[in-house]
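Spelled out from the first residue to the last, the chains are:
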Amino acid sequence: MIIEIKDGKQARAEREAARGAARAQEAAHEAVRAQEVAGAESPPEDAPSRSGSVAPDPFGKENYRRMKALLKERVSERRFQHSKGVAKTARKLARVYGYPNPEQARMAGLVHDWDKRYVGQAARDRVAELGMDIDPTIVESMPWLLHGPTGAEALRRSFPELGEAVFQAVARHTSGAVGMTDLDMIVFTADLIEPSRTFKDVEPVRAAVGKGSLEDLFFTAFKAIFVNLVQNNRMLHPDMVEIWNHYSVRQPGAQKGRLSSSPDPRLNN
Ligand SMILES: [Fe+2]
Ligand SMILES: [Fe+2]
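Basis of the calculations
- Residues numbered from 1 in each chain as written.
- Chains lettered and ligands numbered in written order.
- Predicted model: local features only at pLDDT ≥ 70, side-chain atom pairs only at ≥ 80, totals over all residues.
- Helix = DSSP H or I, 4+ residues; strand = E, 2+ residues; numbered from the N terminus.
- Buried ≥ 20, exposed ≤ 12 C-beta atoms within 10 Å, placed from the backbone.
- pLDDT = per-residue confidence, 0-100.
- Contact = placed C-beta atoms within 7 Å.
- Arc of directions from axis to C-beta.
- Core = buried A, V, L, I, M, F, W, Y, C linked by C-beta atoms within 7 Å.
- Axes fitted to C-alpha atoms, helices over the stretch in contact; angles between N-to-C directions.
- Parallel < 35°, antiparallel > 145°, perpendicular 65-115°, else oblique.
- Left-handed = near helix turned anticlockwise from the far one by under 90°.
- Nonpolar A, V, L, I, M, F, W, Y, C, P; charged D, E, K, R; others polar.

Focus: the overall build of the protein
Piece 1. Counting secondary structure elements, the protein contains 12 helices and 0 strands.
Piece 2. Burial status across the protein gives 32% buried among its 269 residues.

Structure (structure tokens):
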């Protein structure tokens, strides 16, 4: 360990430098925020995503580093670590299941909680700020689900180069959807099983990685979340029942739960 002893002048200079860096960070954040609200048609000239050279590969190392730095300014340290975990896990799942663009999956994982800092009324205000049309029941009763859709919309406006596949995966990570794409399923599942998640229901999902199809893994993850919500008396997004019905009948053994084509005649009396 190195211990530095600083004189007063040096310490003052360092404090001033730190304040300058903080002001620059805040200015960068405000520029992104202004751009999100204004939309892609009229970006402010000094917005970081527009200034200078745009990385040729939106999912390459350079842009990944840039998005990581911007995310760090938006979320708590714990959320930042979680996001990096989701990014890594998403890339790993992409490789395990043969998804053709693991770096795209990594980026989608990194930015999936882009709007997570908007909580409660702030999340509702965010919907209005972005002019989004979201089911009022969700806005009023389940604001914790809004950061998926609003994060996707904010990213779409500020970083269109990331593409619709990424925006959709971000939008769908909070509740899932019928007709999940491979990328949607990768991000949804990575969000649940990334290394910093510790609750016990995660273990069977982790153990299922690589054992069947990607859809099997997604269904296992969705089921773990669904059961956890029910067991803890939590509200369900109304679409979750439709999603459950859609995917459960595609699982092996699902037929057992359906009506028989030759029902017991005694039931017709
Ligand atoms: Fe999230
Ligand atoms: Fe997350």
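What follows continues from the structure just given.
Thoughts on the confidence of the model for the protein
A low pLDDT score tells you not to read the predicted coordinates there in detail.
Piece 1. Averaged over the protein, the pLDDT score is 83; the fraction of residues at 70 or greater is 74%.
Piece 2. pLDDT under 50 marks residues 1-8. Its contacts with residues more than four places away, or in other chains, come to 1 contact.

Side note on helix H5 (residues 121-129)
Piece 1. Of the residues making up H5, those classed as buried are Ala123, Arg126 and Val127. Here the buried residues of H5 occupy an arc of 100° about the axis, which is enough to place them on one side. Seen from the buried face of H5, the exposed residues on the opposite side, beyond 90 degrees, are Gln121 and Ala128.
Piece 2. Looking at the residues trailing H5, positive phi occurs at Gly131, about 65°.

Observations regarding the nonpolar core
Piece 1. Of all hydrophobic cores here, the largest spans 42 residues; its most connected members are Ala90, Ala108, Leu155, Val170, Ile186, Phe218 and Ala221.
Piece 2. Phe218 has contacts with Met180, Met185, Phe188 and Thr189, leaving out every residue within four places of it along the chain.

Side note on helix H4 (residues 102-111)
Piece 1. By the criterion of burial, H4 is predominantly enclosed, with 8 of the 10 residues buried.
Piece 2. For H4, the full list of buried residues reads Gln104, Ala105, Arg106, Met107, Ala108, Gly109, Leu110 and Val111.
Piece 3. Where H4 is buried, its residues touch helix H2 (61-74), helix H3 (77-96), helix H7 (147-158), helix H8 (164-172) and helix H9 (182-193).

With respect to unusual backbone geometry
Piece 1. Its identity as a non-glycine residue notwithstanding, Asn233 has a phi of 55°, on the positive side.
Piece 2. Relative to the helices and strands, Asn233 is located in the loop between helix H11 (214-231) and helix H12 (239-248).
Piece 3. Asn233 sits in the exposed class, given 6 other C-beta atoms within 10 Å.

Things to note about the environment of Ala128
Piece 1. Positionally, Ala128 belongs in helix H5.
Piece 2. For the pair formed by Ala128 and Thr150, sequence separation is 22 residues and the distance between their alpha carbons is 9.8 Å.

Some remarks on the packing of H7 against H8
When two helices pack together, their arrangement is given by the angle between the helix axes and the distance between those axes.
Piece 1. The contact between H7 and H8 brings their axes to 6 Å, and the two run at 160°. Classified by the interaxial angle, the pair formed by H7 and H8 is roughly antiparallel. Viewed along their axes, H7 and H8 form a crossing whose handedness is right-handed. Contact with H7, carried on its side by Gly148, Pro149, Gly151, Ala152, Leu155 and Arg156, involves Phe167, Val170, Ala171 and Arg172 of H8 and no other residues of that element.
Piece 2. The residue inventory of the contact of H7 with H8, partitioned by class, reads 6 nonpolar, 2 polar and 2 charged.

Things to note about the packing of H9 against H11
Piece 1. Between H9 and H11, the least distance of the axes is 9 Å, while the angle of their chain directions is 45°. When the interaxial angle is binned, H9 and H11 end up oblique. Considering only the axes of H9 and H11, their crossing is left-handed. Side by side, H9 and H11 meet where Asp182, Met185, Phe188, Thr189 and Leu192 of the first sit next to Leu214, Glu215, Leu217, Phe218, Ala221, Ala224 and Ile225 of the second.
Piece 2. Broken down by class, the residue content of the contact of H9 with H11 amounts to 9 nonpolar, 1 polar and 2 charged.

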